[in-house]
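Observations on chain architecture
Okay, here's what each chain looks like letter by letter:
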Amino acid sequence: MGTQKVTAPLIFAIIIAAIGSFQFGYNTGVINAPETIIKDFINYTMEEQLQNPPSDVFLTSLWSLSVAIFSIGGMIGSFSVGLFVNRFGRRNSMLIVNLLAITGGCLMGFCKMAQSVEMLILGRLVIGLFCGLCTGFVPMYIGEIAPTALRGAFGTLNQLGIVIGILVAQIFGLKFILGTEDLWPVLLGFTVLPAILQSAALPFCPESPRFLLINRKEDERAKRILQRLWGTQDVAQDIQEMKDESARMAQEKQVTLLELFRVRSYQQPIMISIMLQLSQQLSGINAVFYYSTGIFKDAGVKEPIYATIGAGVVNTIFTVVSLFLVEKAGRRTLHMIGLGGMAACSILMTVSLSLKDAYKWMSFICIGAILVFVAFFEIGPGPIPWFIVAELFSQGPRPAAMAVAGCSNWTSNFLVGLLFPSAAALLGPYVFIIFTGFLVIFLVFTFFKVPETRGRTFEEITRAFEGQAQGANRAEKGPIVEMNSIQPVKETDTNV
């Protein structure tokens, strides 16, 4: 391979794709700030529609549905990724589903004017469908257009888009910006603007060259796009790798969701994909943000919302740090460092939360532990699970694998949101012991089962898993071939 450059067309395509990640982050965080105002809207609207005033249980159920239905939409959307990308391509799929973002944004933006709680709930469902699809489309597209030596760094931009979206939602939700009784529909409907921006820019982005060559057999077009994106004429080795993968795909039948669990060569990578997604959601990151406002208030912070925004800034800064580290330290190493650091911080948080009433200064220890916990999350478990799934699978099974992994992430997110308040009420600060246990389990799993994919082509990673499956067939309980013993492709010079 020749010298790979970080070209303007490559940066443009990745930034435009990452708008989908921004949308996911924004719509995840946007509902929290105006919670009290939206509850009042639901109460007032229901009183107008019903003859008798609604009960507190009914109002709480409607609010919970407004929040939870976003995750339900995400579960359905993430499971539908393969239906779009195999038929329309990666870029065109991102373009088409912006119709969902615009529809969902309009429903939420006009629900107050129409005095319709149903529009609010339906809008959250539709925007959840859109975000679920984006969690599959964006990492897949970025992974397929990025040079091998930079795939991890560019893959981290997906998580950077998510955390920037959450941070923008927190800032816009402040009472003196859009978090007011009059402007909260604008806060929810803002999601329409990024959708319009992305729709206008995507036609100027190229389709994934891997999709064009392997799925559509458009060799010359794929070669021209690759040369333009990577800034070099010498892409023969990469084109040949895609052709080899295409030839192998032609001999295989279409990979279905069930075959990911039936075929031996797919079993280990799909298990790794699911476990890494679970390691993100069961790490306790949502629990930390749940507790953070109360902890900051106990420590004497007069406006805890600003401290929560500060944690969001730490989120963003350490995602950028991960971007520079991931191609040097590797995915596996960073993931283990992140999990280990979070486990240590969660123990510290348990101790400090238990003692903060007896010792005032323990609140400050807890704040420090929260910020370091968030930093460790963004070094490993935050960004890596999203893009490593695309690396573990070849072109054929990749869409189905992204769907299963994405659905695992959304489902675990939904379950944590559903069960955590009850667990927190029952266990109090000791709830973090549960997350510590999960973190240790995921750390051990990563050490023994997760391969290092840094610097390896898709073809090399696929061959390694196939070799393991063949070895397992020869000796059902024999030793598994260690994938990490495979030498990565030679590092190439990267110029900006």
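Bringing the overall build of the protein into the picture now. When helices and strands are tallied, the protein shows 23 helices and 2 strands. Taking 496 residues into account, the globule formula puts the C-alpha radius of gyration at 23 Å, and the protein, at 23 Å, falls close to it. Each principal axis of the C-alpha atoms in the protein carries an extent, and together these give about 70 × 50 × 45 Å. The buried share of the protein, taken over its 496 residues, is 57%. Summarising the internal contacts of the protein: among those between residues at least 6 apart in sequence, 83% fall at separations of at least 24. Of the roughly 20,700 Å² of accessible surface on the protein, a fraction of 65% belongs to carbon and sulfur atoms. In the protein, 36 side chains carry a positive charge and 34 a negative one; their mean positions are 5 Å apart.

Turning next to the nonpolar core. Residues Ile38, Ile42, Phe154, Leu188 and Leu260 are the most contacted members of the largest nonpolar core, which totals 103 residues. Counting residues per element, this core draws most heavily on helix α7 (residues 117–145), at 14 residues. Not counting residues within four places of it along the chain, the set of residues in contact with Ile38 comprises Ile31, Trp63, Leu120, Trp184 and Leu188. Core analysis: the next-biggest nonpolar cluster, separate from the first, contains 30 residues, Ile285, Ala307, Ile367 and Phe442 among them.

This paragraph deals with the packing of helix α18 (residues 331–355) against helix α19 (residues 362–379). Orientation of α18 relative to α19, taken along the N-to-C sense of each, is 160°, at an axis distance of 8 Å. Considered as vectors, α18 and α19 are oriented roughly antiparallel to each other. Crossing hand, α18 versus α19: left-handed. Residues Leu334, Ile337, Gly338, Gly341, Met342, Cys345, Ser346, Leu348, Met349, Ser352, Leu353 and Leu355 of α18 form the contact with α19, whose own contacting residues are Met362, Ile365, Cys366, Ala369, Ile370, Val372, Phe373, Phe376, Phe377 and Ile379.

Moving on: the side chain of Gln227. Along the polypeptide, Gln227 turns up in helix α12 (residues 219–230). For Gln227, a relative accessible area of 15% puts it in the buried group. A distance of 3.3 Å separates a polar atom in the side chain of Gln227 from the backbone oxygen of Gln233. For Gln227, the residues in contact, after removing those within four places along its chain, are Thr232, Gln233 and Val235.

Moving on, we come to the confidence of the model for the protein. Of the residues in the protein, 92% have a pLDDT of 70 or more, and the chain-wide mean is 88. This stretch, residues 485–496, has a pLDDT under 50; its non-local contacts, to residues over four places away or in other chains, come to 28 contacts.

Counted under the stated rule, the structure contains 6 cavities of 30 Å³ or more. Considered as a void within the structure, the largest cavity measures approximately 90 Å³ in volume. In terms of lining residues, the largest cavity is bounded by Gly143, Glu144, Ala146, Thr148, Arg151, Arg210, Leu226, Trp230, Asp238, Glu241, Met242 and Phe458. Within the residue set of the lining of the largest cavity, elements represented by two or more residues are α7, α12 and α13 (236–251). A per-element tally of the lining of the largest cavity places α13 first, with 3 residues. Here the residues of the lining of the largest cavity sort into 5 nonpolar, 2 polar and 5 charged. Its boundaries defined by the atoms lining it, the second largest cavity holds a volume of some 60 Å³. Forming the boundary of the second largest cavity are Ser265, Tyr266, Pro269, Leu392, Phe393, Ser394, Pro397, Thr462, Phe465 and Glu466.

Reading the values: the criteria
Residues numbered from 1 in each chain as written. Predicted model: local features only at pLDDT ≥ 70, side-chain atom pairs only at ≥ 80, totals over all residues. Heavy atoms only, no water. Helix = DSSP H or I, 4+ residues; strand = E, 2+ residues; numbered from the N terminus. Rg over C-alpha atoms; globule rule 2.2 N^0.38 Å. Buried < 20%, exposed > 50% of the residue type's maximum accessible area, 1.4 Å probe, protein only. Contact = heavy atoms within 4.5 Å. Areas by Shrake-Rupley, 256 points an atom, 1.4 Å probe, with all protein chains shown as cover. Lys, Arg positive; Asp, Glu negative; His and termini not counted. Charge placed at Lys NZ, Arg CZ, Asp CG, Glu CD. Core = buried A, V, L, I, M, F, W, Y, C linked by side-chain atoms within 4.5 Å. Axes fitted to C-alpha atoms, helices over the stretch in contact; angles between N-to-C directions. Parallel < 35°, antiparallel > 145°, perpendicular 65-115°, else oblique. Left-handed = near helix turned anticlockwise from the far one by under 90°. Polar contact = N/O pair within 3.5 Å; in protein donor to acceptor, adjacent residues only side chain to side chain. pLDDT = per-residue confidence, 0-100. 1 Å grid on protein atoms, 1.4 Å probe; cavity = no way out; pocket = protein on both sides within 12 Å on 5 of 7 lines; lining within 4 Å. Points joined across faces, edges and corners; volume = space filled by probe spheres on them. Nonpolar A, V, L, I, M, F, W, Y, C, P; charged D, E, K, R; others polar.

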